[in-house]
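# Observations on chain architecture
Here's the letter readout for the chains.
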Amino acid sequence: MLSSGLTLIFSMMGVLNFAHASFYMLGAYLAYSLVGVLGFWPALILAPLLVGALGAGFERMALRRVHKFGHVPELLITFGLSYVVLELVQLIWGHTAVPFSPPPALQGSAFTIIQSPLRGLSLVWGAAGPDLCAGAACSTFPLTRFFMMGVALAMLLALWLLLTRTRIGLVIQAALTHPEMVEALGHNVPRVLMLVFGSGCALAALAGVIGGITFVTEPNMAAIVGSIIFVVVVVGGVGSLAGAFVGSILIGLLQTLPLTIDGSLATLLNGWGLHITDQTPGYPLLRLSMAQVAPILPYLLMVLILIFRPKGLLGTRED
């Protein structure tokens, strides 16, 4: 969800928004404040709209003034904005986590996987009763994560349809490549780019609302996801929505599957008949378990992608 908004901004404007994760955090905190007044579902819609308006205002008042000077000033001003947003969040909501819990409709489990010696593997929608889990291994999937998956897919589909099947999408794409021609046809190109930036920020805020109820809403939440979304965009292909989708799934698997492996390279090499001991050169690295190296695997993949395929998995070449 985060990488789609970042991809939208970069592909349409050429701006690598370092404050994207800050808009994600801002969406979570605004929704937390609105929930007490309006309820969760109105806050789910209103918080992204407010953050999108703030993002559009930032593009109009600050980012547009440095856009003509190139990418470095854009990076610096968005990087500075991330610090400003962090300080404002801590000033208004404090330095500790806030109790932002999911609504009753999203509490509980979406489905339960039951593995029984008698019935085999079965899937039960909702929470399974004690009688079904008796003598069986039950694994539940939270409803909030199921809701997150559904919104992410809907967001990806909506963006693809908007950019490829609507007149607005054609104007947006034309404004990037042929701005003079678009202005000659009567369209306001600066306003189009402002709306694109605001829409990307709104998508980040929507992800923040759902991430806030699923994980923890606290001032460090932007730093936790800030670096990994750039890894997703680089691996998938900068400016490619399909690449953002593929990259996010690939990075997610790369972060989680190694946690299930109880072993290391030393264990693997010993299984192949090699005798790995503490006297073997590089043993401190060989003995690291897969769970220990899982956090750095996405960044290693990004380095390999930059070396062998700089445009990413689904990025396009610029000849």
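One can find the structure itself at the top, above this paragraph.
Sequence order as written defines residue numbering, which begins from 1 separately in each chain. Given that this is a predicted model, residues contribute local features only at a pLDDT of at least 70 and side-chain atom pairs are listed and counted only at 80 or more, while totals for whole chains, interfaces and linings are drawn from all residues. With hydrogens and water excluded, all non-hydrogen atoms of the structure serve as input to the side-chain values.

### Re the overall build of the protein chain
Helix and strand definitions here come from DSSP, where helices need a minimum of 4 consecutive H or I residues and strands a minimum of 2 consecutive E residues; each element is numbered from the N-terminal end. Scanning the protein chain for helices and strands turns up 15 helices and 3 strands. Each principal axis of the C-alpha distribution contributes one length, and for the protein chain these read about 70 × 55 × 40 Å. Residues counted as buried form 43% of the 319 residues belonging to the protein chain. For this analysis, residues touch if any pair of their heavy atoms sits within 4.5 Å. Taking all contacts inside the protein chain whose residues are at least 6 apart in sequence as the whole, residues at least 24 apart take part in 71%. As presented, the protein chain carries roughly 17,500 Å² of accessible surface, and 69% of it is formed by carbon and sulfur atoms. Remark: exposure states derive from per-residue accessible area (1.4 Å probe, protein chains only) relative to the maximum for the residue type, with buried under 20%, exposed over 50%, and partly exposed in between. Here the Shrake-Rupley method, with its probe set to 1.4 Å, supplies the accessible areas, and only the displayed protein chains count as covering residues.

### A short note on the pairing of strand 1 (residues 109–116)
Of all 8 residues making up strand 1, 6 are buried, and the element is well covered by its neighbours. Pairing of strand 1 with strand 3 (residues 137–142) involves 6 bridges; the strand directions are antiparallel. Bridge assignment links Phe 111 to a residue of strand 3, and that residue is Phe 141. Only strands that DSSP links by at least two bridges are regarded as paired with each other. Bridging between strand 1 and strand 2 (residues 120–125) involves 6 bridges; their strand directions are antiparallel. Looking at strand 2, one finds that Gln 115 is bridged to Leu 121.

### Remarks on the environment of Gly 5
As for its position among the elements, Gly 5 is in helix 1 (residues 2–13). Residue classification places Gly 5 among the buried residues on the basis of a relative accessible area of 0%. For the pair Gly 5 and Leu 157, spaced 152 residues apart in sequence, the C-alpha to C-alpha distance is 13 Å. Discounting residues that sit within four places of it in the chain, Gly 5 has contacts with His 20, Gly 200 and Leu 203.

### Notes on the environment of Ile 251
Mapped onto the elements, Ile 251 comes out in helix 11 (residues 241–256). The exposure class assigned to Ile 251 is buried, which follows from its relative accessible area of 2%. Each C-alpha atom of the pair Ile 251 and Ile 224 lies 15 Å from the other, and the pair is 27 residues apart in sequence. If we ignore the near neighbours within four places in the chain, the residues touching Ile 251 are Ile 228, Val 231, Val 232, Val 235, Pro 298 and Leu 301.

### What about the side chain of Thr 144?
Inspection of the secondary structure puts Thr 144 in helix 6 (residues 143–165). Among the residues examined, Thr 144 registers a relative accessible area of 9% and is labelled buried. If we skip the residues at most four places from it in the chain, Thr 144 touches Pro 102, Leu 106 and Thr 214.

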